[in-house]
Amino acid sequence: PTAIVKSNENKFKMKFFSAVVLALAATASTTSAFAPAAKFGVRAPTFELEAKKSIEDIADELKGKKVLVRCDVNVPLDGKTITDDTRIRSSIPTIKYLQEKGAIVTVCSHLGRPKDGPEDKFSLGPCAERM
């Protein structure tokens, strides 16, 4: 009797699985993965976004403004000595441009990932001196 019950369960599972596969196949032929889904209810208003601005686009507005610049100065260090300052040198033109336009510039960054609070090996002191 238990073998008959398991056999019936397996037949039911197979029929159910076949029905699901057929249903998916039927809908797959009428829809596309790249087509937008059918919209129900209220449509959202459409609008266009402005193009991204660069610093040059807002140069006239910089005089006297405080500007926070987040720089990526994750430079390789040998103790407290910087072994490659490419990232620092690449941030200097932007900082100088902002200063020339009259901005009050503050630079921030991080170095490494200290686990239990501040660690000397992750100090930005050498980077600040180089800048």
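Scroll up to find the structure this text is about.
Cut-offs used in this document
Residues numbered from 1 in each chain as written. Predicted model: local features only at pLDDT ≥ 70, side-chain atom pairs only at ≥ 80, totals over all residues. Heavy atoms only, no water. Helix = DSSP H or I, 4+ residues; strand = E, 2+ residues; numbered from the N terminus. Buried < 20%, exposed > 50% of the residue type's maximum accessible area, 1.4 Å probe, protein only. Contact = heavy atoms within 4.5 Å. Areas by Shrake-Rupley, 256 points an atom, 1.4 Å probe, with all protein chains shown as cover. Salt bridge = Lys/Arg side-chain N within 4 Å of Asp/Glu carboxyl O. Pairing = 2+ DSSP bridges. Polar contact = N/O pair within 3.5 Å; in protein donor to acceptor, adjacent residues only side chain to side chain. Expected span 1.5 Å × (residues − 1). Bend = angle between axes of the 7 residues up to and from the residue.

Draft legend 1. Examining the overall build of the protein more closely. Looking only at helices and strands, the protein has 3 helices and 4 strands in total. In the protein, the succession of helices and strands from N to C terminus is α-β-β-β-α-β-α. With 131 residues in all, the protein has 14% of them scored as buried. Taking as baseline every contact in the protein between residues at least 6 positions apart, the subset at least 24 positions apart corresponds to 70%. Counting every atom, the protein has about 11,300 Å² of accessible surface; 59% of that belongs to carbon and sulfur.

Draft legend 2. Representation of the pattern of salt bridges within the structure. A full pass over the atoms with the stated rule returns 3 salt bridges. Note that aspartate 85 is salt-bridged to arginine 89, the shortest N-O span being 2.7 Å. Assessed through its relative accessible area of 15%, aspartate 85 is described here as buried. By sharing partners, the salt bridges in this structure join Asp85, Arg89 and Arg130 into a single network.

Draft legend 3. The pairing of strand β1 (residues 66-70), seen in detail. Only one face of β1 is covered, namely the face carrying Val67 and Val69; the face carrying Lys66, Leu68 and Arg70 is uncovered. Bridge analysis of β1 against strand β4 (residues 104-108) gives 5 bridges, and the strand direction is parallel. Each bridged residue has a counterpart across the sheet, and for valine 69 the counterpart in β4 is valine 107.

Draft legend 4. Representation of the environment of valine 105. With respect to the helices, strands and loops of the structure, valine 105 is situated in strand β4. Note: C-alpha distance between valine 105 and glycine 64 (41 residues apart in sequence) is 9.8 Å. Residues within four places of valine 105 in sequence aside, it is in contact with Val67, Val69, Ile95, Leu98 and Gln99.

Draft legend 5. Structural context of the side chain of serine 91. Tracing the backbone through its elements, the reader meets serine 91 in helix α2 (residues 86-100). For serine 91, a relative accessible area of 9% puts it in the buried group. For serine 91, the side chain forms a polar contact with the main-chain oxygen of isoleucine 88, separated by 2.8 Å. Each residue touching serine 91, except ones within four places of it in the same chain, is listed here: Cys71 and Met131.

Draft legend 6. Highlighting α2. Relative to the 21 Å expected for 15 residues at 1.5 Å per residue, α2 spans 22 Å between its end C-alpha atoms, a close match to the ideal helical length. At isoleucine 92, α2 shows its maximal kink, close to 25°; a proline, proline 93, follows between one and four residues later. Residues of α2 that are buried include every one of Ile88, Ser91, Ile95, Tyr97 and Leu98, and no others. In this structure, the buried side of α2 is in contact with β1, β3 (81-82), β4 and α3 (125-130). Looking one or two residues beyond α2, the residue adopting positive phi is glycine 102, at roughly 95°.

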